[in-house]
Amino acid sequence: MPGLLKSVPVDDALRRAHDRHRPLVVLAVLGVLAVYVYLFTQAAGSVGLRLPAELAGDLGVELPAVFDDDGNVESNLQISLTDRVDRSDDERLVFFGALAAAFLCAYFLPLRYKQASLVLWATVAIVVLYGVEATCALLLAHFVVYLVLHPDRRRGLPVSAAAGLAAYLAFVHEAGAGLDRWVWIGLLPAISAALYRHALLPALERPRIAAIVQPAAVHSAILTICVGILAESRTGNAWQLPLGLLMFFWQWARMTMYYIDHRDGQVPSDLPLHRYLAVFVSPGAIPNWSWGVSIPQGYAYLNNNFLSRDKNDIVVDGLRLLGIALLYLVCWDWLRNGVSQWLDGLGIPVYRCNTRFLVRHFVAGAEVGTASVLLTTLLDLARFMLFFGSVMHFKVGVWRLFGYDVAAYYDRPWKATNLVALWGRFAFHYREFLVRAFYYPSFFRLFRGSRHLRVFVASMMAATVGNFIWHVSERVFFRELSVDDLMHTVGTWPYFVLLGLGISGYQLFRMLRKPTRKPWTRDRWIAGDILAAYCTLQFFGLIHIFMRPASGGTVGDLFRLFLIGFGIELPR
Amino acid sequence: MDASEISERIQCFLEREFPNEGVALALDTNLLEDWFIDSLGITETVLFLESSFGIRLSRADISGENFKDIESLSALVARRSAE
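Residues numbered from 1 in each chain as written. Chains lettered and ligands numbered in written order. Predicted model: local features only at pLDDT ≥ 70, side-chain atom pairs only at ≥ 80, totals over all residues.

Observations regarding the overall build of chain B
Helices and strands together make up the secondary structure of chain B, namely 4 helices and 0 strands. Reading chain B from its N terminus to its C terminus gives the helix and strand order α-α-α-α. Based on the C-alpha atoms only, the size of chain B along its principal axes is roughly 40 × 25 × 20 Å. Counting the 83 residues in chain B, one finds 25% classified as buried. Look at the contacts in chain B between residues 6 or more apart in sequence, and 56% of them connect residues 24 or more apart. (Helix = DSSP H or I, 4+ residues; strand = E, 2+ residues; numbered from the N terminus. Buried ≥ 20, exposed ≤ 12 C-beta atoms within 10 Å, placed from the backbone. Contact = placed C-beta atoms within 7 Å.)

Let's talk about the overall build of chain A
Of regular secondary structure, chain A possesses 25 helices and 0 strands. Its C-alpha atoms give chain A a radius of gyration of 25 Å, near enough to 25 Å, the size a compact globule of 572 residues would have. With the principal axes as the frame, chain A shows a C-alpha extent of 75 × 65 × 55 Å. Burial analysis of chain A (572 residues in total) assigns 44% to the buried set. Long-range contacts, defined as pairs at least 24 residues apart, comprise 74% of the intrachain contacts of chain A with a sequence gap of at least 6. (Rg over C-alpha atoms; globule rule 2.2 N^0.38 Å.)

Some points on the packing of helix H7 (residues 132-149) of chain A against helix H10 (residues 207-218) of chain A
The relative placement of two packed helices is expressed as an angle between their axes plus a distance between the axes. Residue and element names in this part refer to chain A. Their axes nearest at 10 Å, the elements H7 and H10 cross at an angle of 155°. By the angle between their axes, H7 is roughly antiparallel relative to H10. In terms of crossing hand, the pair formed by H7 and H10 is left-handed. Within the contact between the two elements, H7 uses Val-144, Val-145, Val-148 and Leu-149 and H10 uses Val-213, Gln-214, Ala-217 and Val-218. Counted by class, the contact of H7 with H10 contains 7 nonpolar, 1 polar and no charged residues. (Axes fitted to C-alpha atoms, helices over the stretch in contact; angles between N-to-C directions. Parallel < 35°, antiparallel > 145°, perpendicular 65-115°, else oblique. Left-handed = near helix turned anticlockwise from the far one by under 90°. Nonpolar A, V, L, I, M, F, W, Y, C, P; charged D, E, K, R; others polar.)

Section: the nonpolar core
Core analysis: the biggest nonpolar cluster contains 161 residues, and Ala-102, Ala-122, Leu-140, Phe-143 and Tyr-439 of chain A have the highest contact counts within it. Among residues more than four places away in sequence, those in contact with Phe-143 of chain A are Val-159, Ala-162, Ala-163 and Ala-166 of chain A. (Core = buried A, V, L, I, M, F, W, Y, C linked by C-beta atoms within 7 Å.)

Quick look at the packing of helix H18 (residues 370-401) of chain A against helix H24 (residues 526-543) of chain A
Residue and element names in this part refer to chain A. Look at H18 against H24: their axes get within 8 Å of each other, and the N-to-C directions meet at 95°. By the angle class used here, H18 and H24 are roughly perpendicular. In this structure, H18 contributes Leu-374, Thr-377, Leu-378, Asp-380 and Leu-381 to the contact, and H24 contributes Leu-537, Gln-538, Phe-540, Gly-541 and Leu-542. Grouping the constituent residues of the contact of H18 with H24 by class yields 6 nonpolar, 3 polar and 1 charged.

Some points on the environment of Phe-387 of chain A
Residue and element names in this part refer to chain A. Inspection of the secondary structure puts Phe-387 in helix H18. Take Phe-387: there are 16 C-beta atoms within 10 Å of it, and that puts it in the partly exposed class. A C-alpha to C-alpha distance of 9.8 Å links Phe-387 and Cys-331, two positions 56 residues apart in sequence. In this structure, Phe-387 is in contact with Asn-76 and Trp-332, ignoring residues within four places of it in sequence.

Here's the deal with helix H4 (residues 70-82) of chain B
Residue and element names in this part refer to chain B. Its 13 residues give H4 an end-to-end C-alpha distance of 18 Å, which sits within 8% of 18 Å, the value for a rise of 1.5 Å per residue. Turning to H4, its buried residues are Ile-70, Leu-73, Ser-74, Leu-76 and Val-77. Viewed end-on, H4 has its buried residues packed into an arc of 155°, placing them on one side of the element. Pointing more than 90 degrees away from the buried face of H4 are the exposed residues Arg-79 and Ala-82. (Expected span 1.5 Å × (residues − 1). Arc of directions from axis to C-beta.)

Concerning the environment of Glu-83 of chain B
Position of Glu-83 of chain B among the secondary structure elements: in the segment after H4. Between the alpha carbons of Glu-83 of chain B and Ser-7 of chain B there is a distance of 19 Å; along the sequence they are 76 residues apart.

Topic: the confidence of the model for chain B
One rule of thumb: low pLDDT means the predicted coordinates there are not for detailed reading. Residues and elements named next belong to chain B. In the predicted model, chain B carries a mean pLDDT of 86, and the fraction of residues at 70 or more is 95%. Per-residue pLDDT, averaged within each element of chain B, yields its smallest value for helix H2 (residues 31-34) (78) and its largest for H4 (94). This prediction of the complex comes with two scores: 0.91 for pTM and 0.88 for ipTM. (pLDDT = per-residue confidence, 0-100.)

Focus on the environment of Gly-236 of chain A
Residue and element names in this part refer to chain A. Examined against the element boundaries, Gly-236 turns out to sit in the loop between helix H11 (220-235) and helix H12 (243-249). With 8 C-beta atoms packed within 10 Å, Gly-236 lands in the exposed category. Measuring from C-alpha to C-alpha, the distance between Gly-236 and Val-483 comes to 9.4 Å, with 247 residues separating the pair along the chain.

Details of unusual backbone geometry
All names here are of chain A. Look at Cys-353: it is not a glycine, yet its phi comes out positive at around 55°. Within the element layout of this structure, Cys-353 appears in the loop between helix H16 (311-345) and helix H17 (355-363). In this structure, Trp-520 is a non-glycine residue whose phi angle is positive, near 70°. Secondary-structure assignment places Trp-520 in the loop between helix H23 (493-512) and H24.

This is the structure we're talking about:
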């Protein structure tokens with residue numbers, strides 16, 4: 001699995017050669033989207049069709065825990081962070097509508113308009129789902145980053161004026177009425193353009209200042225966490241961020257990847273605004289926005305994979321992923337329920353296949369056996385993988401519909417025979433983010449004299465330090481900037497340390513002992529592959545005990561429970 | 001050291017460290033598609049290039065263009081050696 005290196009630049013002439021139309025492919029996409037609309041929205045009822053639950057009843061199919069009260073399929077596919085539209089079903093309907101429109105534009109428009117149309121339709125969807133203020137705050141943040149990373153007087157002045165207008169619409173549009181409003185509308189873009197022309201541009205011409213301003217803009221999410229936590233510790237009040245800025249901060253990983261590309265010279269300095277925005281403001285980014293790990297790719301990867309082979313082949317591959325996602329989305333809860341009830345019936349409690357309930361039970365003083373710990377953590381991992389895989393397949397599938405040949409985020413993780421492979425299969429793009437943002441900087445700077453130490457430290461930097469920092473940001477932004485949330489994440493440190501040690505240990509083992517066969521080759525060693533895959537998944541499931549602390553429990557309690565998984569019972 | 005000698009040493013390394021039965025390794029074999037099995041393979045190749053040719057590579061050198069095949073790796077070594 002070569003990772004990001006697989007992508008190499010493609011020129012526009014080749015893209016045009018790949019941009020051939022096939023009506024059957026278009027019909028197939030619209031058909032699949034219609035199935036999604038039927039299953040996950042209220043559209044069927046509105047046009048007088050049988051609802052999915054009624055249809056399943058007519059067909060004699062019993063799927064407990066699949067349908068919700070209003071007769072359609074309960075879904076993990078969500079429009080996060082907003083309740084502007086009354087029902088989640090309607091939010092999904094808006095999204096699917098924008099998706100269909102964006103697909104048709106990206107498919108049929110000439111090459112030069114494709115990415116701009118994606119930005120346009122994503123913006124329309126975000127305005128409807130999140131409101132004008134949030135959309136403008138999100139765009140304002142991106143305008144600022146664009147101006148800072150791509151300084152240019154001719155291109156920058158209109159963008160800086162647009163940033164002023166976005167600031168007005170996001171933050172001060174209620175400040176006045178009548179004449180005042182028009183004064184604001186005229187004033188803010190003018191001030192913004194003047195600041196850009198006379199302050200920011202000259203400052204960015206000085207390398208030392210640019211070296212501070214550019215990373216500060218890119219990593220504003222992390223800086224905000226630090227300042228917000230400090231502010232709370234002094235004032236006792238947690239910060240509440242405007243929604244649009246929160247949405248921008250959720251793109252920190254993707255922004256970091258963009259910045260790495262920028263520093264590596266892989267982003268053209270004269271990149272037009274719409275091609276910058278196409279990385280961040282695309283319909284593929286909208287579902288489950290608050291799952292920040294989803295496809296954190298920067299400019300180079302997305303650009304290199306845009307129409308990098310025949311458009312229709314990419315779209316069909318996207319449809320395949322949307323089909324698998326559909327299967328996971330519909331069946332995951334039914335499977336979880338069925339397995340949980342079956343094992344409970346056998347007298348092995350698995351706590352609804354949820355490690356959190358297992359931990360709560362143990363912390364409350366109950367006795368827990370090794371079989372329960374092993375099965376609950378393994379089934380929880382399976383539950384989480386189906387849940388996670390459904391959304392990730394959907395998101396990657398959507399990117400592919402637009403002609404981006406994006407690698408699958410999630411690729412049969414149960415086939416991983418070691419922790420390194422598991423990460424590549426379970427969270428491919430997130431792993432690439434950790435490798436580029438944490439592994440490589442360490443690997444190319446620290447301990448260059450010692451091969452093993454160099455690899456060990458770089459692995460720990462990625463799997464432990466980088467992974468931990470990302471989870472801190474996720475936790476803090478998901479709630480609010482508060483010390484409590486920070487401390488909650490800090491308390492999960494054993495997970496990150498054990499994962500880092502597992503990954504680093506395997507890397508060192510691999511350096512010392514080279515593999516002589518590929519896993520899953522059909523020979524007499526395949527039983528070893530099955531055992532290795534089980535051990536990998538079981539270990540990964542067990543360390544999640546530390547990610548699900550219960551109130552009143554200590555890290556010591558979690559270690560006791562973890563060791564019970566190995567058959568070791570320590571006194572409380 | 002000339003280009004052919006560099007290529008030969010890289011080829012020996014790849015065949016020895018990443019045996020790939022059934023695939024013949026040529027100078028233009030696509031390493032990313034047909035040879036490397038994971039990103040650790042790329043890391044080990046970096047370690048090999050640095051120690052064998054006395055060069056220093058940076059993060060920006062880890063690209064699809066440089067790691068495409070033995071010829072592109074050989075060109076990378078030649079560029080860094082000349083610096």
